[in-house]
Amino acid sequence: MSNVELALWSFPLLLLMIFIRIPIGLSMLVCGLGGAWMVYGSYMPILNQLKQMTFSTFSSYSLSVIPLFLLMGQFAALGGLSQALFKAAEAWIGHRKGGVAMAAVGACAGFGAICGSSLATAATMGQVALPELKRAGYAGGISTACLAAGGTLGILIPPSVVLVIYAILTEQNIAKLFLAAFVPGLLAALGYMIVIAIYARLRPQDVGSLPPMPMKDRIAATIKVWPVMVIFVAVVGGIYSGLFTPTEGAAIGAFGTGLSAWFSGGLNRKTLLAAVLGTAVATGMIFMIVLGAGVYNTFLALSQLPQEAANAVGGWGVSPMLVLVFILVLYVILGCFMDSLSMILLTIPVFFPIVTALDFGLPPEEFAIWFGILVLIVVEVGLITPPVGMNLFVINSLARDTPITQTYRAILPFVASDFIRTGVLLAFPSITLFVLRL
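Definitions and limits used
- Residues numbered from 1 in each chain as written.
- Predicted model: local features only at pLDDT ≥ 70, side-chain atom pairs only at ≥ 80, totals over all residues.
- Heavy atoms only, no water.
- Helix = DSSP H or I, 4+ residues; strand = E, 2+ residues; numbered from the N terminus.
- Rg over C-alpha atoms; globule rule 2.2 N^0.38 Å.
- Contact = heavy atoms within 4.5 Å.
- Areas by Shrake-Rupley, 256 points an atom, 1.4 Å probe, with all protein chains shown as cover.
- Lys, Arg positive; Asp, Glu negative; His and termini not counted.
- Charge placed at Lys NZ, Arg CZ, Asp CG, Glu CD.
- Core = buried A, V, L, I, M, F, W, Y, C linked by side-chain atoms within 4.5 Å.
- Buried < 20%, exposed > 50% of the residue type's maximum accessible area, 1.4 Å probe, protein only.
- Phe/Tyr/Trp six-rings, centres within 6.5 Å; stacked < 30°, edge-to-face > 60°.
- Axes fitted to C-alpha atoms, helices over the stretch in contact; angles between N-to-C directions.
- Parallel < 35°, antiparallel > 145°, perpendicular 65-115°, else oblique.
- Left-handed = near helix turned anticlockwise from the far one by under 90°.
- Nonpolar A, V, L, I, M, F, W, Y, C, P; charged D, E, K, R; others polar.
- Expected span 1.5 Å × (residues − 1).
- Patch = residues over 30% accessible without salt bridge, like charges linked within 9 Å, V, L, I, M, F, W, Y side chains within 5 Å.
- Salt bridge = Lys/Arg side-chain N within 4 Å of Asp/Glu carboxyl O.
- Bend = angle between axes of the 7 residues up to and from the residue.

1. Describing the overall build of the protein
- Of regular secondary structure, the protein possesses 22 helices and zero strands.
- Its C-alpha atoms give the protein a radius of gyration of 22 Å, within 12% of the compact-globule value 22 Å for 438 residues.
- With respect to the principal axes defined by its C-alpha atoms, the protein has extents near 75 × 50 × 45 Å.
- For the protein, contacts bridging at least 24 residues in sequence account for 80% of all contacts bridging at least 6.
- Split by element, the accessible area of the protein, about 18800 Å² in all, is 70% carbon and sulfur.
- Taking the average place of the 19 positive charges on the side chains of the protein and the average place of its 15 negative ones, the gap between the two points comes to 16 Å.

This is the structure we're talking about:
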């Protein structure tokens, strides 16, 4: 068996290990170590590389941004910012048909600006919005579906942990990726709101509304979200302007959300320890996935699979756009079984050399950023695609009285919205890149 064939056979083995619920990071580590052992003919070289890789990975300054963004999300939840965002949006549009669901999506977008995780956004906003949606008379399916879809905004609206990892893997500028993700993220939120508006017209019996609020109450609810705006502008604006690095920006964001939580009374000694512990657990899980992916990708590089795949695709003579569409479809399928971070770490070292060898008529840096945003979008589509979308199960675990089949039916229009948006961004790269060209 050749090295390339060995690498190809490792993919079904890896998926099998994930399917039988072996942790993803450990699965990639085992496949990478075993494959490299077979390529080298000895286990000593890969063990020596593992020792160096472990230290270089865990001591990386670039990766230190991840625990800081995670801690920022923990503090934001403790400070009641998720509830404040939802109440502010609900105050302005909750009296309209479908308005409470739209408010939930808008709050998810706002919370995504201070939380870089899709699953965390879905879980946090689910706890806040589900009781209100039920009180307003919404059917279970549309309630869970709009929150599952809204949860994907957690990594589409910068800052995003997944974009940080993509930037490190492809050696791109984190600030430019954050800036490029902003417009597609807003389009996603707008698309979900349009879906809710159409749903409300077609099935008015499934949606409800709340009594209108006095103007003074609306203004008061809006004022309470000022910490979110300040933190978002300080972090993303500071990073893009070059005032500070992404890691420094994440530290400032964590400090700001921590202060907000403290002033609101949500941060004390007990909750601080819980927030730090939650951040440490999530960081350990992410770093284990990063290490496992690093070892597995070392094996793939040794096998020459990425280079051979790039050469093979280049020799097919098919349209570069067709190749890109095929890759994006694969991401949607993989998204049904894997989390977004694992997919990025596993596939980018293989797919990125393939697409960069093709001619899309864009400068290398612009293409890398455009491709990263497209990948980010379709990866998140996989998280809400039945039957195994992870966001669907997160939300349904909070709404046990709603059968998962109802969520499956109600999520399909949101998935259709995602496909339409992906097609538009695929056909018109300037929508993603125009902000960078200003």
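2. Some words on the nonpolar core
- Ranked by internal contacts, the top residues of the largest apolar core, which has 147 residues, are Leu 147, Leu 153 and Phe 414.
- Ignoring anything within four residues of it in the chain, the contact list for Leu 153 reads Val 105, Cys 108, Ala 109, Gly 112, Gly 185, Ala 188, Ala 189 and Tyr 192.
- Counting residues in each nonpolar core, the second largest holds five residues, with Leu 50, Met 53, Leu 291 and Val 295 among its members.

3. Concerning the packing of aromatic side chains
- Evaluation of the coordinates by the stated rule reveals 14 aromatic pairs.
- Geometrically, the ring pair formed by Phe 182 and Phe 232 is stacked, given 5.8 Å between the ring centres and 25 degrees between the ring planes. You can see Phe 182 sitting in helix H11 (residues 174–202) and its partner Phe 232 sitting in helix H13 (residues 226–241), a full 50 residues away along the chain.
- A ring pair is formed by Tyr 331 and Phe 351, whose centres lie 5.6 Å apart and whose planes are at 80 degrees; its orientation type is edge-to-face. Here the residue Tyr 331 occupies a position in helix H17 (residues 320–335), and Phe 351 occupies one in helix H18 (residues 340–356), the gap between them amounting to 20 residues. Taken as a pair, Tyr 331 and Phe 351 share a single burial class, namely buried.
- Counting every residue linked through ring pairs, the aromatic cluster contains Tyr 166, Phe 352, Phe 360, Phe 367, Trp 370 and Phe 371.

4. Description of unusual backbone geometry
- Positioned with a positive phi, Glu 171 is a non-glycine residue whose angle comes to about 60 degrees.
- Here Glu 171 shows up in the loop between helix H10 (161–170) and H11.
- Using a relative accessible area of 74% as the deciding quantity, one classes Glu 171 as exposed.

5. As for the packing of H10 against H18
- Two numbers describe how H10 lies on H18: the axes approach to 10 Å, and their chain directions differ by 25 degrees. Classified by the angle their axes make, H10 and H18 are roughly parallel. Between H10 and H18 lies a crossing whose hand is right-handed. Contacts between H10 and H18 pair Val 162, Ile 165, Tyr 166, Leu 169 and Thr 170 from the former with Ser 340, Leu 341, Ile 344, Leu 345, Ile 348 and Phe 352 from the latter.
- Classifying every residue of the contact of H10 with H18 by side-chain character gives nine nonpolar, two polar and no charged.

6. Observations regarding the packing of helix H5 (residues 81–93) against helix H7 (residues 118–135)
- Their axes nearest at 9 Å, the elements H5 and H7 cross at an angle of 40 degrees. Here H5 is positioned oblique relative to H7, judged by the angle of their axes. Along this stretch, H5 crosses H7, giving a crossing that reads as right-handed. Residues Ser 82, Gln 83, Phe 86, Lys 87 and Glu 90 of H5 form the contact with H7, whose participating residues are Thr 124, Met 125, Val 128, Ala 129 and Glu 132.
- Residue classes in the contact of H5 with H7 are distributed as four nonpolar, three polar and three charged.

7. Section: the environment of Ala 7
- Relative to the assigned elements, Ala 7 resides in helix H1 (residues 3–19).
- The sequence separation of Ala 7 and Cys 31 amounts to 24 residues, and the corresponding C-alpha distance is 9.5 Å.
- Not counting residues up to four positions away in its chain, the partners in contact with Ala 7 are Tyr 296, Phe 299, Leu 300, Ser 303 and Leu 305.

8. Side note on H5
- Taking 1.5 Å per residue as the helical rise, H5 with its 13 residues ought to reach 18 Å, and the 19 Å between its terminal C-alpha atoms agrees with that figure.
- What H5 keeps buried is the set Leu 81, Ser 82, Ala 84, Leu 85, Phe 86, Ala 88, Glu 90 and Ala 91.
- Buried positions along H5 lie against helix H4 (65–78), helix H6 (99–112), H7, helix H12 (215–223), H13 and helix H14 (246–264).

9. Quick word on a nonpolar patch on the surface
- A surface patch of nonpolar side chains, about 620 Å² in accessible area, is lined by Trp 92, Met 215, Ile 219, Ile 223, Trp 226 and Val 230.
- Where the nonpolar patch is concerned, the elements lending two or more residues are H12 and H13.
- For the nonpolar patch, the element with the highest residue contribution is H12, accounting for three residues.
- Position of Val 230 among the secondary structure elements: in helix H13.
- Overall, Val 230 belongs to the partly exposed group, its relative accessible area being 47%.

10. Description of helix H21 (residues 404–427)
- Between its first and last C-alpha atoms H21 spans 34 Å; for 24 residues at 1.5 Å apiece the expected length is 34 Å, and the two agree.
- Of all the bends in H21, the greatest, near 35 degrees, is centred on Ile 411, and the proline Pro 413 appears no more than four residues after it.
- Of all the residues in H21, the buried ones are Thr 407, Tyr 408, Ala 410, Ile 411, Phe 414, Val 415, Ser 417, Asp 418, Arg 421, Thr 422, Leu 425 and Leu 426.

11. A look at the environment of Ala 220
- Note on placement: Ala 220 falls in helix H12.
- What makes Ala 220 partly exposed here is its relative accessible area of 37%.
- Once the C-alpha coordinates of Ala 220 and Ala 88 are considered, the two residues, 132 residues apart in sequence, prove to be 8.3 Å apart.

12. A word on the pattern of salt bridges
- A complete count under the given rule lists six salt bridges for this structure.
- A salt bridge links Glu 365 to Lys 176; the nearest nitrogen and oxygen atoms lie 3.2 Å apart. One end of the pair, Glu 365, is in helix H19 (residues 364–382); the other, Lys 176, is in helix H11, with 189 residues separating them in the sequence.
- Taking relative accessible area as the criterion, Glu 365 reaches 36% and is therefore assigned partly exposed.
- Classification of Lys 176 as partly exposed rests on a relative accessible area of 29%.
- Each of Lys 87, Glu 90, Glu 132 and Arg 135 takes part in salt bridges that share partners, so that together they form one network.

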